[in-house]
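Listed here are the chains, written in short residue letters.
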Amino acid sequence: MDIGIDLGTANTLLYARGRGIVLNEPSVVAVDMGTGAALAVGTEAKRTIGRTPGSISAIRPLKDGVISDYEAAEQMIRHFVRKAVPGRRMPRIRMVVCVPSGVTPVERRAIVHASRAAGARAVHLIEEPMAAAIGAGLPVADPRGSMVVDIGGGTTEVAVISLGGIVTAQSLRVGGDRLDAAIGDWVRKEHALYIGERSAEDVKIAIGSAWPLPGEEEFEARTVPVRGREKISGLPKTVDLTVPEIRRALDEPVEAIIAAVRATLEDCPPELSGDVMEHGIVLTGGGALLPGLDLRLASATGIPVFVAEAPLDCVGLGAGACVEDFDALERVLGKAEVVR
């Protein structure tokens, strides 16, 4: 059995060979603090965030794209694999696991060990920007520069790819979680109101944007009520948030992403820079869905920017493409790490 895994900070995708993406669930584990046993994993566990008693903790095993809680990560991977693989017996499987381009050797070993503990007999590690580019349909094996910006929950991966390899890349620990935190900080400073991370995410989805959208006056005039705990009195309170103020709240992390794109372009060889200028930049990951981000990035760089057809699935589909042909994985991605 061969499986590709996009082990993301926010969500985990599993691709089974011959079946496509078979699982897409939040990377959350609800753990009994007394025994350490996993009480719920994935979608069910995410519902408990911010609502658990002291005896139960809702844990996100990955932080900034890498494993921060080894035991919870192992339990989560094992649960997802069992859910995705039919049958009672757990087969020994080969895994293709996507990792951020900026991970350290220690972080790589943690991912490998957790995957092997979950039942893998061989683990192939490939870098997320490469997987995202493959999943987005970019010609990664051609002698042509292709630029991808993958904005996940914990990291933003920026890379220029040519001839099956990453020529230059930046790995920035800014992603969807940082956008949510920026909204929470803004509401606390401007409205003296504490809100939870789920409420901040709901606000981002409802009225978040990175650039004024042409012809969207109705969207610009929207407001969203958010409930939280007042900073001074400690009592529940509701405030109405507007599109322009949430755009200002998101300005710092968005600028950090733009700076990483500029730095990558500055390090890019001139010939490949010309290719990127001609063919544009492709956005993948959940952060690519932030309205106006493509327009703001295009304005800042002077390069056309496009959002991939299925930005949330690109890394998982890229891992799946490798799963479908392991010979191609070893030929095109010769630098992939294989641990048996």
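The shown structure was predicted, so the numbers you read here are calculated from the model rather than taken from an experiment.

Asks: For the overall build of the chain, give the residues involved together with the corresponding values.
Replies: Along its length, the chain carries 13 helices and 19 strands. Since a compact globule built from 340 residues should have a radius of gyration of about 20 Å, the 20 Å found for the chain is in line with a globular shape. The dimensions of the chain, computed from C-alpha atoms along their principal axes, are 60 × 55 × 30 Å. Burial status across the chain gives 49% buried among its 340 residues. In the structure as shown, the chain presents an accessible area of about 15,200 Å², 50% of it carried by carbon and sulfur atoms. In the chain, the 37 positive side-chain charges and the 45 negative ones have mean positions that sit 8 Å from each other.

Asks: Give a detailed account of helix α12 (residues 314–324), specifying residues and quantitative values.
Replies: Of all eleven residues making up α12, eight are buried, and the element is well covered by its neighbours. Taken together, the buried positions of α12 are occupied by C314, V315, G316, G318, A319, G320, C322 and V323.

Asks: Describe the side chain of T156, naming the residues involved and giving the relevant values.
Replies: As for its position among the elements, T156 is in strand β12 (residues 156–162). For T156, a relative accessible area of 0% corresponds to the buried category. Of the polar contacts made by the side chain of T156, one reaches the backbone oxygen of V174; its length is 2.6 Å. When neighbours within four sequence positions are excluded, T156 is seen to be in contact with V149, D150, I151, Q170, S171, L172, V174, G175 and I257.

Asks: Describe in detail the domain arrangement of the chain, supporting the description with residues and values.
Replies: Interfaces are often sized by the accessible area lost when the parts come together. Entries for the chain in the domain assignment read domain 1 (2–131 + 314–338), domain 2 (137–174 + 253–312) and domain 3 (176–249). Spacing between the C-alpha centres of domain 1 and domain 3 amounts to 31 Å. Contacts between domain 1 and domain 3 engage six residues on the former and four residues on the latter. When domain 1 packs against domain 3, close to 440 Å² is buried across both sides, 35% of that on carbon and sulfur atoms. For domain 1, the biggest contributors to the area lost against domain 3 are K46, I49 and R60; these three give 74% of the whole. At the boundary of domain 1 and domain 3, one finds three salt bridges. K46 is paired through a salt bridge with E201; the nearest N and O atoms lie 3.7 Å apart. At the surface where domain 1 touches domain 3, the tally comes to two residue pairs in polar contact (both at pLDDT 80 or more).

Asks: With reference to specific residues and values, describe the pattern of salt bridges.
Replies: Evaluation of the coordinates by the stated rule reveals 15 salt bridges. Its salt-bridge partner being E220, residue R247 comes within 2.7 Å of it at the nearest N-O pair. Here E220 lies in helix α7 (residues 217–220) and R247 lies in helix α8 (residues 243–249), a separation of 27 residues in the sequence. The exposure class assigned to R247 is buried, which follows from its relative accessible area of 13%. In this structure, a network of salt bridges that share partners links the residues D2, R17 and R94.

Rules used throughout
Residue indices follow the written sequence of each chain, beginning from 1 at its first position. With pLDDT at 70 or above as the cut-off, local features in this predicted model cover only qualifying residues; side-chain atom pairs require 80 or more to be listed or tallied, and sums for whole chains, interfaces and linings still use all residues. The side-chain numbers reported here are obtained from all heavy atoms of the structure, hydrogens and water having been left aside. In this text, helices come from DSSP runs of H or I with a minimum length of four residues, and strands from runs of E with a minimum of two, each type numbered from the N-terminal end. Throughout, the radius of gyration refers to the C-alpha atoms, and the reference size of a globule is 2.2 Å times the residue count to the power 0.38. Between buried and exposed lies partly exposed: a residue is buried under 20% and exposed over 50% of the maximum accessible area for its type, with that area taken using a 1.4 Å probe on protein chains only. Surface exposure here means Shrake-Rupley accessible area, sampled with a 1.4 Å probe, where a residue is shielded only by the protein chains that are shown. In this tally, Asp and Glu contribute negative charge and Lys and Arg positive charge; neither His nor the terminal groups of the chain are included. A charged residue contributes its charge at one atom only: NZ of Lys, CZ of Arg, CG of Asp or CD of Glu. As used in this structure description, the phrase polar contact means that two N or O atoms lie within 3.5 Å; if the pair is within protein, one of them must be able to donate a hydrogen and the other to accept it, and residues adjacent in sequence are counted only when both atoms belong to side chains. Working rule for contacts: check all heavy atoms of both residues, and any pair within 4.5 Å makes them a contact. By convention here, the domain bounds are inherited from an automatic or database domain assignment. Buried area is calculated as the accessible area (1.4 Å probe) missing from two parts once they are joined, with the contributions of both summed. In what follows, salt bridge is the name for a side-chain nitrogen of Lys or Arg lying within 4 Å of a carboxyl oxygen of Asp or Glu.

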